[in-house]
Amino acid sequence: MDYFGIPTVVSIPSERIVFSGLKMYVVESKGGAIACMLLALFFLGTWPAILTLLERRGRLPQHTYLDYTITNLLAAVIIAFTFGEIGKSTIEKPNFINQLSQDNWPSVLFAMAGGIVLSLGNLATQYAWAFVGLSVTEVITSSITVVIGTTLNYFLDDKINKAEILFPGVGCFLIAVCFGSAVHSSNAADNKAKLTSFSNDSKARAQGLKDASVSKETYANKEDLENGTATKEKAEFGTAHFLIELENKRAIKVFGKGTFIGLAITFFAGVCFSLFSPAFNLATNDQWHTLQNDVPHLSVYTAFFYFSVSCFVIAIILNISFLYRPVLNLPKSSFKAYLSDWNGRGWALLAGFLCGFGNGLQFMGGQAAGYAAADAVQALPLVSTFWGILLFGEYRRSSRRTYALLVGMLSMFIIAVGVLMASSGHRK
């Protein structure tokens, strides 16, 4: 038999060799755990940018999330039937298929509870991105996750992480959150100034046209821009014209709405995110001793499968209901309309894969080095901010104050992720 196209030379139990190597990489090796966390950091910071891009192009979030949740579940199935089936199944460490028939329902329920709160959190952030912005939403939710979730995981993991390193890392996240809030406030003030200046210029131009007796159809005034009827070249990132064009195209309209709704949704999502990792921790390590003595703990792959199934079920139920009873003044849709909407479907499916594999890698790293250290992936605003600047032009043409605060936020997040990874312990 061969693996990955490489023939085996010796006929001793090769599956054991492969299993030991994989176990070494995923479960026991600190270096492998850090590699999992870094890859998860990239995946989990990228998929929100993709969903934000689709919303800004006008695709209904209900349609996008239904596509996303399908491949999110598929990623868990792939992980379960590959990593979860590699190697010889033993009584102490059964493989994925064998664990499905065991009496491990207390742990299964913990895993499914984690999937439910993650699904609610992901669904909430899809709306928060429109109101609060991609970067700031990720900063706030990540900080809440670190403060609550990391603390819970530290005690659930029997303090295997180095507290003298771990909690300064948590403090770095809090400092970065302060920077992030200041960035949001400064950037909002910059945008308000742009729109005010644009309005004044439009009035002055209209008056000038009137005095010069020139036809108004020759130029695009503010009213034309707001109605989307002006024929001009594509607006540059960071300009008032760009902000108005974005509002006209996007699915969730945010002009004239208060920030309280967006912040409330964001904080709700943060609390949900802070609970899913501790729930998964309980599912795989049974710290509360809910399993019978002869029942092995759920493997990370089996727990992730149940976790993703519950995440999928909740997402399907809520989003199908939102098709017919939309929230936040979104237009009504239908399941038939969703099935025929192929605009951006490939991107939504890709986002689901990235999130699914990102979560799986985070849990695999957490099982090896401690789930508190695995919360280093909550530095994902580093990645999201990069995509926000590159794809959406966030912070373009902003003030020097905004740029200085942005550099401070990103620098503190880099320090935070390094410190949390340095706190990694070793699960016995």
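In what follows, the structure referred to is the one given above.
Residues numbered from 1 in each chain as written. Predicted model: local features only at pLDDT ≥ 70, side-chain atom pairs only at ≥ 80, totals over all residues. Heavy atoms only, no water.

**Let's talk about the nonpolar core**
A general tendency of soluble globular proteins is for nonpolar side chains to be buried together. Among the nonpolar cores identified, the biggest contains 85 residues, and Trp47, Phe307 and Phe413 are the most heavily contacted of them. When residues of this core are assigned to their parent elements, the largest contribution, twelve residues, is made by helix α5 (residues 105–132). Leaving out residues up to four positions away in the same chain, phenylalanine 307 has contacts with Ala111, Gly114, Gly115, Leu118, Phe276, Phe280 and Phe363. (Core = buried A, V, L, I, M, F, W, Y, C linked by side-chain atoms within 4.5 Å. Buried < 20%, exposed > 50% of the residue type's maximum accessible area, 1.4 Å probe, protein only. Helix = DSSP H or I, 4+ residues; strand = E, 2+ residues; numbered from the N terminus. Contact = heavy atoms within 4.5 Å.)

**A few points about the environment of alanine 80**
Residue position: alanine 80 is located in helix α3 (residues 61–82). Spatially, the C-alpha atom of alanine 80 lies 9.8 Å from that of glycine 360, the residues being 280 residues apart in sequence.

**What about the packing of aromatic side chains?**
Per the counting criterion, the structure on display carries 16 aromatic pairs. Aromatic pair phenylalanine 83 and tyrosine 301: ring centres 6.1 Å apart, planes at 15°, arrangement stacked. Linking phenylalanine 83 in the loop between α3 and α4 (96–99) with tyrosine 301 in helix α11 (residues 300–324), this pair joins segments that are 218 residues apart in sequence. Classification of phenylalanine 83 as partly exposed rests on a relative accessible area of 32%. Plain terms: the ring middles of phenylalanine 386 and tryptophan 387 are 5.1 Å apart, the flat faces sit at 65° to each other, and that makes the pair edge-to-face. On the accessibility criterion, tryptophan 387 (19% relative accessible area) is buried. In this structure an aromatic cluster arises from ring pairing among Phe81, Phe96, Trp105, Phe305 and Tyr306. Lying across the ring of tyrosine 338, arginine 345 places its NZ or CZ 4.8 Å from the centre. (Phe/Tyr/Trp six-rings, centres within 6.5 Å; stacked < 30°, edge-to-face > 60°. Lys NZ or Arg CZ within 6 Å of the ring centre and 35° of its normal.)

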